[in-house]
Amino acid sequence: MPGIDKLPIEETLEDSPQTRSLLSVFEEDTATISSYYNQLFQAMHRIYDAQNELSAATHLTSKLLKEYEKQRFPLGGDDEVMSSTLQQFAKVIDELSSCHAVLSTQLADAMMFPITQFKERDLKEILTLKEVFQISSDDHDVAVNRYSRLSKKKENEKVKSEVMEDVYTSRKKQHQTMMHYFSALNTLQYKKKIALLEPLLGYMQAQISFFKLGSENLTQQWEDFLTNIGTSVQNVRREMDSEVDSMQQTIQDLEQASDLLYMPDPDPSKIPINRNLTRKAGYLNTRNKTGLVSSTWDRQYFFTQGGNLMSQSRGDVAGGLVMDIDNCSVMAVDCEDRRFCFQISAFDGKKVSILQADSRKDCEEWIATINNISKRIYLSENPEETAARVNQSALEAVTPSPSFQQRHESFRPSTQGRPRAGRTSSQSSAGSESPALSSLSLDSLVAPDTPIQFDIISPVSEDYSTQAKSASQGRRTNPFGESGQSQSGESEDSILHQLFIVRFLGSMEVKATENTDVIYETMRQILAARAIHNIFRMTESHLLVTCECLNVVLCASHQENKRLFGFVLQTAGGRVDGRPVTVCYIFESNNDGEKICDSVGLAKQIALHSEMDLEEQSRLIAASSRPNPPAADGQFLVLSNSQSEDSDAGEEGRKRGESEA
């Protein structure tokens, strides 16, 4: 259909604001067509009425001329010439009257019938479909709003079934009505041409047939022109018939394919969840606080655009920015009055949005999509392929392999791309990779069947539970088992204080502490477990690096994902099989993980030179932007958990809620 825009029938189920905006353009065009064609109909009706009047008047004239000879004029005499002339005129006019009667019939059939049919049938059909569509759209909004207010608590199953059936029925009715409405509006673009050209064609042909005037050339020219117009009308009619058939077939196919999508919470086994998306759009309910404890939910159309989350209300011309979701955190949350909710926290933590999806599938796809965008996968050449490859790598990471080397091929960086081991103490305590690493057994790194801990509580904290309860009054507790007797006073005197915002991924008890590969293996197992079990929540905390805290045996960041880092702690108390308990903790940082590891290395150097005075230690800090690695002990740090339960407490940088990877 060259030069004619079409309404996309395929997008009727999504019912996006863009589609509604395009629909409003078509409705405005329909209103203009209706106004114009009403005026044209009145003008043509005047022609038809005038032609009927002319035919009647001509017939009356012929009749009066024939009766002239019967008239008896008191002052006039019989004039046979005049009477004969008038009889001849009466005969000609009578023939003209017959021609006018034929012309009136031709105008009724060829001019008035097409435009009357267009006005009374096609335009009224559009108005009827518009009213039905508006009613079905309002019913669907009411049904969805009622469904959204369903409590997550177990209620009367009959009420829940009625609400879901109501959503199914209203959504199906809206979809079907909208598809037929779009089809009628698309067809109107053809019909308006036919309704304009066909009456004019009939009018001209009737006039030419009536008058039979003009020279042969002029007549031939008109006939050739009208023949071309008639051919064009037939071509448009054939194209319209083809397009109508195509749209009807599309409607049938979409009705069959969309049946499962009418349900608000479809079965995931029939419609699988896609976790490889880097773009997504759809309607969500957003929570807006109206008071300290009260809030309202507004339904808006949300869509991602690059690294931004946008929203758009019905009637808006364009969407508005909700937040920048680059490096953001997202997680599923529990709301007291709503289901399928998730929370997005901005990079700086100053803005938090809580949204509600229509189904569990939609909720998980939104979380996965925002998580992929947060990792900036959308900047790659093939974003969805990259996301699929990353997710597949996480799943394949738990597949057993005969050697440590093979199990790290897709996860840890190659040794050729690694910086020199002597660059910093955060990279390795051994200085270089051992030649026997390729044959190193996983059992020598991580004990078999070691549980993964996703809460930021170390396995040794139980040994200090009584002590911690008495010592932590009025201060934050350290989750790594330190006693905290004189921590506060000593750290205040420490020359090094560096604070980092981190998110806790998990921890595991490990066996080996001689090589940073134990940290890489722990990263692999924790990330794989999170991917397999769909664990999205993370605890956001403050990591304070000083010179007066716990001993860190190893600290290393991942070479490919710079935001990942981990460290191994060797506890002072508690032994297993005659050896100290060592635990590896894995974190994700907003900053480069290497910077945090470098800070730990600097703390180690200061700790090793504790006999220096403060001035010498200050010079050491100033000269140690990239410290060289010393021995593998003496690194110190404190983790202060400043997690907040209120998701709106992001105005202060140190108050953080839970977030998602």
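Being a predicted model, the structure only gives us computed values, none of them experimental.

**Notes on the sheet that holds strand β1 (residues 281-289)**
One open sheet accounts for 7 strands, arranged β4-β3-β2-β1-β7-β6-β5; its pairing is antiparallel. Of all the strands in the sheet, just β4 (320-324) and β5 (329-333) have a single pairing partner and so form its edges. Averaged over all pairs of adjacent strands, the angle between strand axes in this sheet comes to 40 degrees, irrespective of strand direction. Two elements, strand β3 (residues 308-312) and β4, share 4 bridges in a ladder whose sense is antiparallel. Bridge pairing links Asn308 to Asp324 in β4. Contacting β1, β2 (295-305) and β3, helix α1 (residues 17-66) runs over the sheet at an angle of about 85 degrees to β2. Its contacts with the sheet place helix α5 (residues 360-374) against β1, β2, β3, β5 and β6 (341-345), and it is angled at close to 15 degrees to β6.

**Points about unusual backbone geometry**
The phi dihedral of Asp15 falls on the positive side, at around 55 degrees, and the residue is not glycine. Here Asp15 is to be found in the segment before α1. On the basis of relative accessibility, which here comes to 4%, the residue Asp15 falls in the buried class. Phi angles above zero are rare outside glycine, and Phe340 is one such case at about 55 degrees. Here Phe340 shows up in the loop between β5 and β6. For Phe340, a relative accessible area of 11% gives the class buried.

**Concerning the pattern of salt bridges**
Tallied over the entire structure, the rule returns 19 salt bridges. Among the ionic pairs, Lys280 bridges to Glu365, the shortest N-O distance being 3.1 Å. Placement of Lys280 in the loop between α4 (216-257) and β1 and of Glu365 in helix α5 is noted, with a sequence separation of 85 residues between them. A relative accessible area of 5% places Glu365 in the buried class. The partner of Glu588 in a salt bridge is Arg563, with the nearest N and O atoms 3.5 Å apart.

**Section: the state of the cysteines**
Summed over all chains, the structure comprises 0 disulfides. Between Cys555, a cysteine without a disulfide, and Cys597, which holds the nearest cysteine sulfur, the sulfur-to-sulfur distance is 3.2 Å. Considering cysteine sulfurs only, Cys555 is the nearest to Cys584, which forms no disulfide, with 9.5 Å between them. Classification of Cys584 by relative accessible area gives buried; the value is 0%.

**Overview of the side chain of Asn515**
Of note, Asn515 is situated in the loop between β8 (498-510) and α10 (517-532). The class for Asn515 is buried, based on a relative accessible area of 14%. A distance of 3.0 Å separates a polar side-chain atom of Asn515 from the backbone nitrogen of Asp517.

**Quick look at the packing of aromatic side chains**
Ring pairs (aromatic) are described by centroid distance and by the angle formed between their planes. Applying the stated criterion across every chain yields a total of 11 aromatic pairs. For the pair Phe133 and Tyr181, a centre-to-centre distance of 5.6 Å together with 35 degrees between the ring planes defines the contact as tilted. Taken together, the positions of Phe133 in helix α2 (residues 80-148) and Tyr181 in helix α3 (residues 157-211) put the pair 48 residues apart, joining distant regions of the chain. Here the two residues Phe133 and Tyr181 agree in accessibility, since each one is buried. The interplanar angle of 40 degrees and the centroid separation of 6.2 Å between the aromatic rings of Tyr301 and Phe303 together place this pair among those described as tilted. Overall, Tyr301 belongs to the buried group, its relative accessible area being 4%. By the ring-pair criterion, three or more aromatic residues cluster together here, those being Phe504, Phe565, Phe567, Tyr585 and Phe587.

**Examining the environment of Ala332**
Along the chain, Ala332 turns up in strand β5. The partly exposed category is assigned to Ala332, whose relative accessible area is 27%. In sequence terms Ala332 and Gln356 are 24 residues apart; their C-alpha atoms lie 9.7 Å from each other.

**Focus on the pairing of β6**
Of all 5 residues making up β6, 5 are buried, and the element is well covered by its neighbours. Burial along β6 is two-sided: Cys341, Gln343 and Ser345 facing one way and Phe342 and Ile344 facing the other are all buried. Linking two consecutive strands that pair antiparallel, namely β6 and strand β7 (residues 352-356), is a turn of 6 residues; a positive phi of about 75 degrees is found at Gly349 within it.

**Structural notes on a negative patch on the surface**
Together, Asp138, Asp139, Glu165 and Asp166 give the surface a local cluster of negative charge. Residue assignment for the negative patch shows that the elements contributing at least two residues are α2 and α3. As for its placement among the helices and strands, Asp166 is situated in helix α3. For Asp166, a relative accessible area of 32% gives the class partly exposed.

Calculation criteria
- Residues numbered from 1 in each chain as written.
- Predicted model: local features only at pLDDT ≥ 70, side-chain atom pairs only at ≥ 80, totals over all residues.
- Heavy atoms only, no water.
- Pairing = 2+ DSSP bridges.
- Helix = DSSP H or I, 4+ residues; strand = E, 2+ residues; numbered from the N terminus.
- Axes fitted to C-alpha atoms, helices over the stretch in contact; angles between N-to-C directions.
- Contact = heavy atoms within 4.5 Å.
- Buried < 20%, exposed > 50% of the residue type's maximum accessible area, 1.4 Å probe, protein only.
- Salt bridge = Lys/Arg side-chain N within 4 Å of Asp/Glu carboxyl O.
- Disulfide = S-S within 2.5 Å.
- Polar contact = N/O pair within 3.5 Å; in protein donor to acceptor, adjacent residues only side chain to side chain.
- Phe/Tyr/Trp six-rings, centres within 6.5 Å; stacked < 30°, edge-to-face > 60°.
- Patch = residues over 30% accessible without salt bridge, like charges linked within 9 Å, V, L, I, M, F, W, Y side chains within 5 Å.
- Areas by Shrake-Rupley, 256 points an atom, 1.4 Å probe, with all protein chains shown as cover.
- Lys, Arg positive; Asp, Glu negative; His and termini not counted.
- Charge placed at Lys NZ, Arg CZ, Asp CG, Glu CD.

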